[in-house]
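# Structural description and commentary
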Amino acid sequence: MDEMKIAVLGGDGVGKSALIVRFLTRRFIGEYASSTECIYRKCVSVDGRQINLELYDPCSQACEGKPVLNDQIHWADGFILVYDITDRSSFRTAKAIVHQIRELHRGSAKRDIDLHIFLVGNKQDLCHMREVQHEEGQRLAAEFHCQFYELSVAEHYQEVALIFSKMVQNANLNSKARERRRRPSGSKSMAKLINNVFGKRRKSV
Ligand SMILES: Nc1nc2c(ncn2[C@@H]2O[C@H](COP(=O)(O)OP(=O)(O)OP(=O)(O)O)[C@@H](O)[C@H]2O)c(=O)[nH]1
């Protein structure tokens, strides 16, 4: 795998842009323009392999040519679904999106193992205003077979970086496993070849 496309999705104002910008620049910037959608690119090295990441940050405001969620879902190899722990409606939105992702991928070429979905509860620094309990996030993630993280993009750079590197690592491991499944090992294919040649010859003698 040389490239991976990650869509960062979720309700309005949950911190999608903040998460991406934090990962790319290590900085937390208070306000972000949300009237345009963006694809950011970054090259990362994972287990000695160079991977081109494309990170999709949707525009939440009504903007011209705004792609529908289905298009975003088909485009991406991995999803980071963000909700705001101080906003229950954003949790419901995340749940609806993860449900839609699973539905759209049911029976599609991308099998479950190839689908990477991380659920992220953001704004942990505002836990005095918490509306969504940590356990609720865990339960939702378990229900939809996602990985779960709760963090504050504002305060936790390391956790933000970990999320992206985990996702790329998982994808890398899966693609290696797929390659192994596709390509039989050298000794097996050699044995098959010898068997074909000598086995047939023995029969004809
Ligand atoms: N306290 C706190 N505020 C945060 C955190 N992350 C983001 N924010 C704030 O939440 C607001 C929305 O952040 P954005 O990154 O624009 O969120 P978004 O999901 O991209 O927003 P839209 O594109 O408008 O849907 C901004 O005021 C951010 O400063 C966090 O971890 N803690």
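These numbers come from a predicted model, not from an experiment.

Here we take up the sheet that holds strand 5 (residues 116-122). Whether parallel or antiparallel, the strands of a sheet pair through hydrogen bonds between backbone atoms. The sheet built from 6 strands is open, its strands ordered 2-3-1-4-5-6 with mixed pairing. Only two strands of the sheet have a single partner each, and these edge strands are strand 2 (38-46) and strand 6 (147-150). The mean inter-strand angle of the sheet, taken between neighbouring strand axes irrespective of direction, is 20°. Relative to strand 4 (residues 78-84), helix 3 (residues 88-105) is tilted by about 160°, and along the sheet it contacts strand 1 (3-10), strand 4 and strand 5. Packed onto the sheet, helix 4 (residues 134-143) meets strand 4, strand 5 and strand 6 and runs at close to 160° relative to strand 6.

Under the definition given, this model contains 4 aromatic pairs. With a centroid separation of 5.7 Å and 55° between ring planes, the pair formed by Tyr56 and Trp75 is classed as tilted. Of this pair, Tyr56 sits in strand 3 (residues 49-57) while Trp75 sits in helix 2 (residues 69-75), placing them 19 residues apart in sequence. Residue Trp75 is classed as partly exposed on the basis of its relative accessible area of 24%.

Next up on the list: the site of the ligand. Residues in contact with the ligand amount to 21 residues; listed here are only the nearest, Lys16, Ser17, Ala18, Gly30 and Asp125. For the ligand, an oxygen atom lies 2.4 Å from a polar atom in the backbone of Gly30. A distance of 3.0 Å is found between an oxygen atom of the ligand and a side-chain nitrogen or oxygen belonging to Lys123. When isolated, the ligand has an accessible area of 650 Å², and the protein chains bury 85% of it. Broken down by element, the shell around the ligand gets its largest block of residues, 3 residues, from helix 1 (residues 16-25). Of the residues that constitute the shell around the ligand, the class distribution is 7 nonpolar, 9 polar and 5 charged.

Turning our attention to the environment of Met167. Along the chain, Met167 falls in helix 5 (residues 157-182). On the basis of relative accessibility, which here comes to 0%, the residue Met167 falls in the buried class. C-alpha separation for the pair Met167 and Gln124, spaced 43 residues apart in sequence, amounts to 21 Å. When residues no more than four places from it in sequence are discounted, the contact partners of Met167 are Met4, Ile6, Gly78, Phe79, Ile80, His116, Ile117 and Phe118.

Conventions we followed
Throughout, a residue's number is its position along its own chain's written sequence, starting from 1. Only residues with pLDDT of 70 or above have their local features reported here, since the model is predicted, and side-chain atom pairs are shown and tallied only from 80 upward, although totals for entire chains, interfaces and linings are computed over all residues. Note that the side-chain values use all heavy atoms of the structure and ignore hydrogens as well as water. The criterion for strand pairing is that DSSP finds at least two bridges linking the strands in question. Helical segments are the DSSP runs of H or I of at least four residues, strand segments are the runs of E of at least two, and each set is numbered from the N terminus. A fitted line through C-alpha atoms represents every axis, and for helices the fit uses only the stretch in contact; the resulting angles, taken between N-to-C directions, go from 0 to 180 degrees. Residues are treated as being in contact if the distance between any of their heavy atoms lies within 4.5 Å. When the centres of two rings from Phe, Tyr and Trp lie within 6.5 Å, Trp using its six-membered ring, the rings pair. Their planes under 30 degrees apart give stacked, over 60 give edge-to-face, and anything left gives tilted. With a 1.4 Å probe rolled over the protein chains alone, any residue whose accessible area is under 20% of its type maximum counts as buried; one over 50% counts as exposed, and the rest are partly exposed. Being near a molecule or strand, for a residue, means having at least one of its heavy atoms within 4 Å of it. Definition of a polar contact: a pair of N or O atoms within 3.5 Å, with one able to donate and the other able to accept a hydrogen when the atoms are protein atoms, and with sequence-neighbouring residues admitted only if both atoms are side-chain atoms. The method behind every accessible area is Shrake-Rupley, applied with a 1.4 Å probe, and residues are considered shielded solely by the protein chains displayed. By the convention adopted, Pro, Cys, Tyr, Trp, Phe, Met, Ile, Leu, Val and Ala count as nonpolar, Lys, Arg, Asp and Glu as charged, and the other residues, Gly among them, as polar.

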